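Given next are the chains, with one letter for each unit.
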Amino acid sequence: MVKKLLKDITEIDGVSGVFIVSNRAEIISKTGLEFSDKQLSALSTYILRIIAALHIKGKKTTELEFYWQNKYIICKSSDQFLVVVFCNTPHILAVIRITLNVTTAKLLEDKKFTKWLKSHIAGKEFMLRKGSLDTAEERLLEYIT
């Protein structure tokens, strides 16, 4: 089911790829991406650290949008995983936002997927404790806290 949902997202005009990652920055599945798993894991770590920093300040973050490597990126955050979509144009972000809401709901209903996720759950603060923070991340945390 996961592969089918990702394939449906990549079939939308303007989407170049999509991946799902656990809250431990472990890539679950990906489709249509030219980036390596190492690059995607590093990107996921940054996203998860931003979400964790905002969580510490009491701000619930369910969605992020930004520009990276000449792509518009929109990601949907749930308590257990992220769905990250790479777009070629910002004009489709509204459609992708709706699609991500539906995709996240379907993934949370999938018993096989949720069973697998239970063994990979990490708290929001996990990504702030894991590994060392670079200077940009330290400045972000100083600004937020």
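These lines cover the structure that appears in this document, whether it is placed above or below.

Calculation notes
Residues numbered from 1 in each chain as written. Predicted model: local features only at pLDDT ≥ 70, side-chain atom pairs only at ≥ 80, totals over all residues. Heavy atoms only, no water. Phe/Tyr/Trp six-rings, centres within 6.5 Å; stacked < 30°, edge-to-face > 60°. Helix = DSSP H or I, 4+ residues; strand = E, 2+ residues; numbered from the N terminus. Contact = heavy atoms within 4.5 Å. Buried < 20%, exposed > 50% of the residue type's maximum accessible area, 1.4 Å probe, protein only. Pairing = 2+ DSSP bridges. Salt bridge = Lys/Arg side-chain N within 4 Å of Asp/Glu carboxyl O.

**Describing the packing of aromatic side chains**
Part 1: Per the counting criterion, the structure on display carries 6 aromatic pairs.
Part 2: Ring pairs connect the aromatic residues Phe19, Phe35, Trp68 and Phe86, which therefore count as one cluster.

**Overview of the environment of Thr10**
Part 1: In this structure, Thr10 sits in helix H1 (residues 2-10).
Part 2: Residues Thr10 and Leu33, spaced 23 residues apart in sequence, show a C-alpha to C-alpha distance of 9.8 Å.
Part 3: Residue contacts for Thr10: discarding those within four places in its chain leaves Val15, Gly17, Val18 and Thr31.

**Quick look at the pairing of strand S1 (residues 15-22)**
Part 1: With 7 of 8 residues buried, S1 lies mostly within the body of the structure.
Part 2: For S1 and strand S5 (residues 81-87), the ladder comprises 7 bridges, and the chain directions are antiparallel. Bridged to Val15 within S5 is Cys87.
Part 3: Linkage of S1 to strand S2 (residues 27-31), two consecutive antiparallel strands, is achieved through a turn of 4 residues, within which Ala25 is found at a positive phi near 65°.

**Some remarks on the environment of Ser44**
Part 1: Checked against the element boundaries, Ser44 lands in helix H2 (residues 37-56).
Part 2: Overall, the relative accessible area of 0% leaves Ser44 in the buried class.
Part 3: Setting aside its immediate chain neighbours within four residues, Ser44 contacts Phe19, Val21 and Ala25.

**Thoughts on the pattern of salt bridges**
Part 1: Here the structure, examined in full by the defined rule, presents 5 salt bridges.
Part 2: One salt bridge connects Lys7 with Glu11, and the closest N-O pair in it is separated by 2.8 Å.
Part 3: In this structure, Arg97 engages Glu65 in a salt bridge whose closest nitrogen and oxygen atoms are separated by 2.1 Å. With Arg97 in helix H3 (residues 93-109) and Glu65 in strand S3 (residues 63-68), this residue pair connects regions lying 32 residues apart in the sequence.
Part 4: Classification of Arg97 as partly exposed rests on a relative accessible area of 28%.
Part 5: Each member of the salt-bridge network shares a partner with another, and the members are Glu63, Glu65 and Arg97.

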